Amino acid sequence: MGCIASISQDGLRVNIRHLQCSSSDGKWELGKETPLTTVLETHHGNQLAHLSWNETGSELAVVDCSGRISIYSISIALNSLSILRQASFESGDDGSQVVGLMWLNSQRFVCVLQPNLPGNEF
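Quick notes on the rules
Residues numbered from 1 in each chain as written. Predicted model: local features only at pLDDT ≥ 70, side-chain atom pairs only at ≥ 80, totals over all residues. Heavy atoms only, no water. Helix = DSSP H or I, 4+ residues; strand = E, 2+ residues; numbered from the N terminus. Buried < 20%, exposed > 50% of the residue type's maximum accessible area, 1.4 Å probe, protein only. Core = buried A, V, L, I, M, F, W, Y, C linked by side-chain atoms within 4.5 Å. Contact = heavy atoms within 4.5 Å. Pairing = 2+ DSSP bridges. Patch = residues over 30% accessible without salt bridge, like charges linked within 9 Å, V, L, I, M, F, W, Y side chains within 5 Å. Areas by Shrake-Rupley, 256 points an atom, 1.4 Å probe, with all protein chains shown as cover. Salt bridge = Lys/Arg side-chain N within 4 Å of Asp/Glu carboxyl O. Polar contact = N/O pair within 3.5 Å; in protein donor to acceptor, adjacent residues only side chain to side chain.

Broken down by element type, the protein chain carries one helix and eight strands. In sequence order, the secondary structure elements of the protein chain are arranged as β-β-β-β-α-β-β-β-β. A total of 122 residues make up the protein chain; the buried ones form 30% of that total.

Structure follows, in structure tokens:
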């Protein structure tokens, strides 16, 4: 979708930049940095640890150091992200740091279980 997200220097905000094509010479460039304003309040000021776009680039997962995940979407306007999922702040979530994150493609089958074939003993 031509959108680049990065965590700010202080680790509390997400900055968005969009690819833009110049009408005068047709060259591509990055637009100005725009903060995703709802992240700070959504994650209650916790340090952010990871960002991940889904395969189509229409949804962004934001993960803080406590393992809380919020998801934002580019669904209405290209240069605007809206929140789809708030980060959960139940006490059971504290200390559940995320060590890996990836989006599963809904169009691709993922084999979770492998049959126990001869030679595949664990």
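The rest of the description comes next.
Once that is clear, we can look at the nonpolar core. Proteins that are soluble and globular tend to have nonpolar side chains buried together. Among the nonpolar cores identified, the biggest contains 13 residues, and Val14, Ile16, Leu36, Val39, Leu60, Val62 and Leu81 are the most heavily contacted of them. Secondary structure elements with two or more residues in this core: β1 (3–7), β2 (14–21), β5 (48–53) and β6 (59–64). Residues in contact with Val62, not counting those within four places in the same chain, are Val14, Val39, His43, Leu48, His50, Leu51, Arg68, Ile69, Ser70 and Tyr72.

The element strand β7 (residues 69–73) is largely enclosed, with a buried count of four among its five residues. Across five bridges, β6 lies against β7 in antiparallel orientation. By the bridge assignment, Val63 is partnered in β7 with Ile69. Where β6 hands over to β7, the hairpin turn is made up of four residues, of which Gly67 adopts a positive phi near 90 degrees.

Before going further, it helps to examine a nonpolar patch on the surface. On the surface, a nonpolar cluster with roughly 410 Å² of combined accessible area is contributed by Ile4, Leu19, Trp28 and Leu30. Take Leu19: it is sitting in strand β2.

The next subject is the environment of Thr56. Along the chain, Thr56 turns up in the loop between β5 and β6. We classify Thr56 as exposed; its relative accessible area is 56%. C-alpha of Thr56 to C-alpha of Met1: the two residues are 55 residues apart in sequence and 7.4 Å apart in space. A distance of 3.0 Å separates polar atoms of two side chains, one belonging to Thr56 and the other to Ser58.

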